[in-house]
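Chain and residue survey
Residue-level listing of the chains:
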Amino acid sequence: MSAPHIANFVYNKPFLRRLVTPLAKWYCNAAGYRKLGLRADDLIPEENDTVQLALQRLPPKEAYDRMYRIRRAFQCSLSHQLLPKAEQTKPEEDYEYLSPIIREIEAENKERDDLETMSVKRKI
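This is a predicted model, so every value here is computed, not measured.

What follows deals with the overall build of the protein chain. Of the regular secondary structure elements, the protein chain holds five helices and zero strands. Each helix (α) and strand (β) of the protein chain, taken in turn from the N terminus, gives the series α-α-α-α-α. Here the protein chain has a C-alpha radius of gyration of 19 Å; the compact-globule value for 124 residues is 14 Å, and the former is much larger. Seen through its C-alpha atoms, the protein chain measures out along the principal axes to roughly 75 × 40 × 20 Å. Within the protein chain, buried positions represent 26% of all 124 residues. Summing over all exposed atoms, the protein chain offers an accessible surface of approximately 9,900 Å²; the carbon and sulfur share of this is 59%.

Dropping the structure here:
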């Protein structure tokens, strides 16, 4: 799930941040998922075992809201219509709710792998 990215580098450089932020906002609006009432984390594919585990760790209300958003977006897609402006996802509502859990699970898996591959040598 984790891939190399330059987000931290861009965020730490004020010049790059001023340059990239309008482009990022434009791209999020052009992607169209907010017009269907979705959040960015709703677009993460569920086929990965890590994502499946993260979905199981979601609080029940957040999991219910996620499924509601996905089903509503599917209905809008079938009818070839967008949600009314009042029901579309606003930028301040589009926060990460699944990605932090995924990062936590990946850190747990990395730690588990490191501990399983650790070799202990006995001093004589």
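There's more to say after this.
In this section: unusual backbone geometry. Although it is not a glycine, histidine 80 sits at a positive phi angle of roughly 55 degrees. Within the secondary structure, histidine 80 sits in the loop between helix H4 (60-79) and helix H5 (99-116).

Okay, the nonpolar core next. Ile44, Val51, Ala54, Leu55, Leu58, Tyr97, Leu98, Ile101, Ile102 and Ile105 form the largest nonpolar core, which has 10 residues in total. Setting aside anything within four residues of it in sequence, one finds isoleucine 101 in contact with Ala54, Arg57 and Leu58.

As a further point, take helix H3 (residues 49-57). By the burial criterion, the buried members of H3 are Thr50, Val51, Ala54 and Leu55. For H3, the arc enclosing every buried residue in end-on projection is 135 degrees, short of the 170-degree limit, so these residues lie on one face. Facing away from the buried side of H3 by more than 90 degrees, the exposed set consists of Asp49 and Gln56. Where H3 is buried, its residues contact H4 and H5. The backbone nitrogen of threonine 50 has a side-chain oxygen 3.1 Å away, supplied by the residue at the start of H3, namely asparagine 48.

Moving on to the pattern of salt bridges. Counted according to the given criterion, the structure contains 10 salt bridges. Arginine 69 is paired through a salt bridge with aspartate 42; the nearest N and O atoms lie 2.8 Å apart. You can see arginine 69 sitting in helix H4 and its partner aspartate 42 sitting in the loop between helix H2 (14-31) and H3, a full 27 residues away along the chain. A single burial state applies to arginine 69 and to aspartate 42, both of which are buried. Salt-bridge contacts for glutamate 46 lead to arginine 66; the nearest nitrogen and oxygen are separated by 2.8 Å. With a gap of 20 residues between them, glutamate 46 in the loop between H2 and H3 and arginine 66 in helix H4 connect regions that are remote in the sequence.

Another point: a nonpolar patch on the surface. Among the surface-exposed residues, Phe15, Leu19 and Val20 lie close enough to one another that they form a single nonpolar patch of about 300 Å² accessible area. Here valine 20 falls in the partly exposed class, since its relative accessible area comes to 33%.

Turning to its location among the elements, lysine 85 is positioned in the loop between H4 and H5. For the pair lysine 85 and isoleucine 70, spaced 15 residues apart in the sequence, the C-alpha separation amounts to 17 Å.

Further remarks concern the packing of H3 against H5. Remark: H3 packs on H5, axes separated minimally by 9 Å, with the N-to-C direction vectors making an angle of 120 degrees. On the basis of the axis angle, H3 is oblique to H5. Here H3 and H5 pass one another in a crossing that is right-handed. Here Thr50, Val51, Leu53, Ala54 and Arg57 of H3 lie close against H5, whose contacting residues are Ile101, Ile102, Glu104, Ile105, Glu106, Glu108 and Asn109.

Each value, and the rule that gives it
Residues numbered from 1 in each chain as written. Predicted model: local features only at pLDDT ≥ 70, side-chain atom pairs only at ≥ 80, totals over all residues. Heavy atoms only, no water. Helix = DSSP H or I, 4+ residues; strand = E, 2+ residues; numbered from the N terminus. Rg over C-alpha atoms; globule rule 2.2 N^0.38 Å. Buried < 20%, exposed > 50% of the residue type's maximum accessible area, 1.4 Å probe, protein only. Areas by Shrake-Rupley, 256 points an atom, 1.4 Å probe, with all protein chains shown as cover. Core = buried A, V, L, I, M, F, W, Y, C linked by side-chain atoms within 4.5 Å. Contact = heavy atoms within 4.5 Å. Arc of directions from axis to C-beta. Polar contact = N/O pair within 3.5 Å; in protein donor to acceptor, adjacent residues only side chain to side chain. Salt bridge = Lys/Arg side-chain N within 4 Å of Asp/Glu carboxyl O. Patch = residues over 30% accessible without salt bridge, like charges linked within 9 Å, V, L, I, M, F, W, Y side chains within 5 Å. Axes fitted to C-alpha atoms, helices over the stretch in contact; angles between N-to-C directions. Parallel < 35°, antiparallel > 145°, perpendicular 65-115°, else oblique. Left-handed = near helix turned anticlockwise from the far one by under 90°.

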